[in-house]
Amino acid sequence: MTVPETTTATTAQGGASGETSGAEALRPHAEDAFADELKALAAADDRPRPARWRLSPWAVATYLQGGTLPDGTVITPKYVGPRRLIEVAVTTLATDRALLLLGVPGTAKTWVSEHLAAAVSGDSTLLVQGTAGTPEEAVRYGWNYAQLLAHGPSRDALVPSPLMRAMSDGMTARVEELTRIPADVQDSLITILSEKTLPIPELGQEVQAVRGFNVIATANDRDRGVNELSSALRRRFNTVVLPLPATPDAEVDIVSRRVDQIGRSLDLPAAPEGLAEIRRVVTVFRELRDGVTTDGRTKLKSPSGTLSTAEAISVVTNGLALAAHFGDGILRPGDVAAGILGAVVRDPAADRVVWQEYLETVVRERDGWKDFYRACREVSV
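All figures in this text were calculated on a predicted structure; none of them were measured in a lab.

Draft legend 1. The packing of helix 14 (residues 275-290) against helix 17 (residues 350-363), seen in detail. Closest axis-to-axis distance for the helix 14/helix 17 pair is 12 Å, and the angle between their directions is 115°. Compared by their axis directions, helix 14 and helix 17 come out roughly perpendicular. Viewed along their axes, helix 14 and helix 17 form a crossing whose handedness is right-handed. The residues of helix 17 that touch helix 14, namely those facing Thr283, Val284, Glu287 and Leu288, are Val354, Trp355, Tyr358 and Val362.

Listed below in structure tokens is the structure:
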């Protein structure tokens, strides 16, 4: 029963107390990592803002999609994809309907959720992480049992959840992996989303959401059938489906941007000539994911994994670290081969056959891919 207290304390510590500075944090929160861009947008933003929003809807969309401000400040894109999807998501948050970001793994649902909360409320840390063990207290509230036993039920003994705090302060709360949460815990969201109140029957009180409150939830459509959302709960959300990158160039751009950001945060040197290997990783992932080669001539078997953009970013980042610490700093086929093997072969029996067939029928015969073929063969033995 200590989970809600630990979760709340950690969340509050990350966003409010600032005990770890943005410069020292391994992964700064969005509002810390992009504080200068948010400040510049706020200064240039003269459009109407919904109650308690830090930026106007237009500025929030610009923060997510990137652009150049009148003073020359460049806002880097946080999400590379259809602008209309971001506009719909932002507009949803400006209404009284909650937002559900749905998609296959690796389509930047969590990333978009975090940046939306940072731009709207200036705080992305009011977070409930959904798992199979998420208790109802994580969504509603818990109790400090020392206070409860000593003085009985009171507001001082109550430990608010991130959602309860968001309701009280008019902020944006986040619920990650909603379909991983048990169905009975999911249903505790219904009153919050429909009535905008959170009853506290032990005290004969309730918390009413103030203007500015809303919820962003994410769900993986591969989890259908795990804890399917009830129709009653789904009706409380406006669903925005985040697709996989439409073109290879778009996916290469996304991977390159994120690898550069992650590399700088880990003090990894920039990888000269790394773009060729990034494009190779993206090509392999897309072909196996789509079940057909880029030229459309050869049909392929697809492995059991998702081979998402996020996994491509992980493979390239790991390869960059290998090149920096155990190579000459140049990203080469041997640096990414093991990472690709690990991403593709999740089921040792079935996926290994798929991978070997792809190596021998596609990679082996492709011009300019001989070094990559040899590197993959070495790690596949």
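Draft legend 2. Layout of the environment of His115. Considering the arrangement of structural elements, one finds His115 in helix 6 (residues 109-121). A sequence separation of 52 residues divides His115 from Tyr63, and the C-alpha atoms of the two residues are 8.3 Å apart. Beyond its immediate sequence surroundings of up to four residues, His115 is in contact with Ala30, Phe34, Tyr63, Leu64 and Lys78.

Draft legend 3. Representation of the packing of helix 16 (residues 333-344) against helix 18 (residues 370-380) within the structure. Direction vectors running N to C along helix 16 and helix 18 enclose 50°, while the axes themselves pass 8 Å from each other. Classified by the interaxial angle, the pair formed by helix 16 and helix 18 is oblique. The crossing of helix 16 and helix 18 is right-handed. Residues Pro333, Gly334, Val336, Ala337, Ala338, Ile340 and Leu341 of helix 16 form the contact with helix 18, whose own contacting residues are Asp371, Phe372, Ala375, Cys376, Val379 and Ser380. Tallied by class, the residues present in the contact of helix 16 with helix 18 amount to 10 nonpolar, 2 polar and 1 charged.

Draft legend 4. A look at the pairing of strand 8 (residues 197-200). As defined by bridge partners, strand 8 adjoins strand 9 (residues 205-208) across 4 bridges and the pair is classed as antiparallel. Bridged to Leu198 within strand 9 is Val207. Between the antiparallel neighbours strand 8 and strand 9 lie 4 residues, among them Gly204 with a positive phi of about 65°.

Draft legend 5. Fine view of the packing of aromatic side chains. Throughout the structure, instances matching the rule amount to 4 aromatic pairs. Ring geometry for Phe34 versus Tyr63: centroids 6.4 Å apart, planes at 80°, classification edge-to-face. With a gap of 29 residues between them, Phe34 in the loop between helix 2 (30-33) and helix 3 (35-44) and Tyr63 in helix 4 (residues 57-65) connect regions that are remote in the sequence. For the pair shown, Phe34 and Tyr63 are each scored as buried. Arg258 extends its terminal NZ or CZ atom over the ring of Trp111, reaching a point 4.1 Å from the ring centre.

Draft legend 6. Here's a closer look at helix 6. With 13 residues, helix 6 should cover 18 Å at 1.5 Å per step; its first-to-last C-alpha distance of 18 Å lies within 8% of that length. Of all 13 residues in helix 6, 12 are buried; the element is thus mostly enclosed. Taken together, the buried positions of helix 6 are Lys109, Trp111, Val112, Ser113, Glu114, His115, Leu116, Ala117, Ala118, Ala119, Val120 and Ser121. Looking one or two places after helix 6, you find Gly122, whose phi comes out positive at around 75°.

Draft legend 7. The pattern of salt bridges, seen in detail. Under the criterion given, the structure shown has 20 salt bridges. Note that Arg84 is salt-bridged to Glu87, the shortest N-O span being 2.8 Å. With Arg84 and Glu87 both in helix 5 (residues 83-93), this residue pair falls 3 residues apart, about one helical turn. Salt-bridge contacts for Arg174 lead to Glu176; the nearest nitrogen and oxygen are separated by 3.3 Å. Of the two residues, Arg174 and Glu176, both sit in the buried class. Taken together, the shared-partner salt bridges connect Arg83, Arg84 and Glu87 into one network.

Thresholds, definitions, all that
Residues numbered from 1 in each chain as written. Predicted model: local features only at pLDDT ≥ 70, side-chain atom pairs only at ≥ 80, totals over all residues. Heavy atoms only, no water. Axes fitted to C-alpha atoms, helices over the stretch in contact; angles between N-to-C directions. Helix = DSSP H or I, 4+ residues; strand = E, 2+ residues; numbered from the N terminus. Parallel < 35°, antiparallel > 145°, perpendicular 65-115°, else oblique. Left-handed = near helix turned anticlockwise from the far one by under 90°. Contact = heavy atoms within 4.5 Å. Nonpolar A, V, L, I, M, F, W, Y, C, P; charged D, E, K, R; others polar. Pairing = 2+ DSSP bridges. Phe/Tyr/Trp six-rings, centres within 6.5 Å; stacked < 30°, edge-to-face > 60°. Buried < 20%, exposed > 50% of the residue type's maximum accessible area, 1.4 Å probe, protein only. Lys NZ or Arg CZ within 6 Å of the ring centre and 35° of its normal. Expected span 1.5 Å × (residues − 1). Salt bridge = Lys/Arg side-chain N within 4 Å of Asp/Glu carboxyl O.

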